[in-house]
Amino acid sequence: MTAQSPEPSPRHDPSGELRASHDDREAVVEQLRDAAAEGRIDLDELDSRLEQALTSKTHAELAVLTHDLPRPHSSASQVPLVLKGGMFGASRGPGRWEVPGHVIAHGGVGGVKLDFTRVECRLTEVAVEAYGETSGVTIVIPDAWAADTSGMDPGAGGLKDETTSDRLPGTPLIRLTGSGGAGGVVIRHPNRRERRKLHSNPT
């Protein structure tokens, strides 16, 4: 009597055993909500998958919830948005504009202002390189967003971070790097005048 050969074991994927972070779960939640908005899954299935996503412990458990959905576009593949202050300054916002995963702002002589308050951004993270140079860079983000300025070199002009850490789930994190230069870099939430404009014209 010959011994039976053992069944081949399934391919082992160690990456699936990695523990999932809050950001990993939030990214899946956003992907599921987008899929429901596009009609790919119905509301009952959305509720079921959201519940599983919020309680998932590993990457493998999260992967099961999105295996039949299109992969989200990678922000790394997008061309960076570059703004140069030049002689007369430059700005983006406060209207609606498409936010890439990487923004580079050079203050130059005229300065640069980046205003994210009216944008709809599905990215979990936006990398912003800000170089204050002569006249500085100002970045305005919604109250629900947060910023990580630990990678920023304040330079001679300094870094003024007036944001709070009250980030809502599913909103982007602004990861700020660069140098304050002579003009400095400011990142903040809307001021009183900007809030009045937002309330009087929310679209």
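Definitions and cut-offs
- Residues numbered from 1 in each chain as written.
- Predicted model: local features only at pLDDT ≥ 70, side-chain atom pairs only at ≥ 80, totals over all residues.
- Heavy atoms only, no water.
- Helix = DSSP H or I, 4+ residues; strand = E, 2+ residues; numbered from the N terminus.
- Buried < 20%, exposed > 50% of the residue type's maximum accessible area, 1.4 Å probe, protein only.
- Contact = heavy atoms within 4.5 Å.
- Areas by Shrake-Rupley, 256 points an atom, 1.4 Å probe, with all protein chains shown as cover.
- 1 Å grid on protein atoms, 1.4 Å probe; cavity = no way out; pocket = protein on both sides within 12 Å on 5 of 7 lines; lining within 4 Å.
- Points joined across faces, edges and corners; volume = space filled by probe spheres on them.
- Nonpolar A, V, L, I, M, F, W, Y, C, P; charged D, E, K, R; others polar.
- Patch = residues over 30% accessible without salt bridge, like charges linked within 9 Å, V, L, I, M, F, W, Y side chains within 5 Å.
- Salt bridge = Lys/Arg side-chain N within 4 Å of Asp/Glu carboxyl O.
- Lys, Arg positive; Asp, Glu negative; His and termini not counted.
- Charge placed at Lys NZ, Arg CZ, Asp CG, Glu CD.
- pLDDT = per-residue confidence, 0-100.

Concerning the overall build of the chain
For the chain, the count of helices and strands is 4 helices and 10 strands. Going from the N terminus to the C terminus, the chain shows its helices and strands as α-α-α-β-β-β-β-β-β-β-β-β-β-α. Relative to its full complement of 203 residues, the chain shows a buried share of 37%. In the chain, 69% of the contacts between residues at least 6 apart in sequence involve partners at least 24 apart. Put simply, the chain shows about 12,500 Å² of open surface, and 52% of that area lies on carbon and sulfur atoms.

Some thoughts on the layout of surface pockets
Roughly 160 Å³ of volume is contained in the second largest pocket. The wall of the second largest pocket is formed by Pro94, Lys113, Asp115, Thr117, Arg118, Val140, Pro190, Arg193, Glu194, Lys197 and Leu198. If one sorts the elements of the lining of the second largest pocket by residue count, helix 4 (residues 192–200) sits on top with 4 residues. When the residues that make up the lining of the second largest pocket are grouped by side-chain class, the tally is 4 nonpolar, 1 polar and 6 charged.

Observations concerning a positive patch on the surface
Side chains of Arg192, Arg193, Arg196 and Lys197 sit close together on the surface and give a patch of like positive charge. Here Lys197 lies in helix 4.

A closer look at a nonpolar patch on the surface
Taken together, the side chains of Met87, Phe88 and Val109 define a hydrophobic patch exposed on the protein surface, amounting to about 420 Å² of accessible area. Relative to the helices and strands, Phe88 resides in the loop between strand 1 (81–84) and strand 2 (90–92). Residue classification places Phe88 among the exposed positions, given a relative accessible area of 83%.

Describing the environment of Arg19
Mapped onto the elements of the fold, Arg19 is located in the segment before helix 1 (22–37). Given a relative accessible area of 61%, Arg19 falls into the exposed group. With 37 residues separating them along the chain, Arg19 and Ser56 place their C-alpha atoms 8.9 Å apart. Setting aside chain neighbours within four positions, we find Arg19 in contact with Asp24, Lys57, Thr58 and His59.

Focus on the confidence of the model for the chain
Overall, the predicted model of the chain reaches an average pLDDT of 86, with 88% of residues at or above 70. In this model residues 1–15 is a low-confidence stretch, pLDDT under 50, and it forms 2 contacts with partners more than four residues away in sequence or in other chains.

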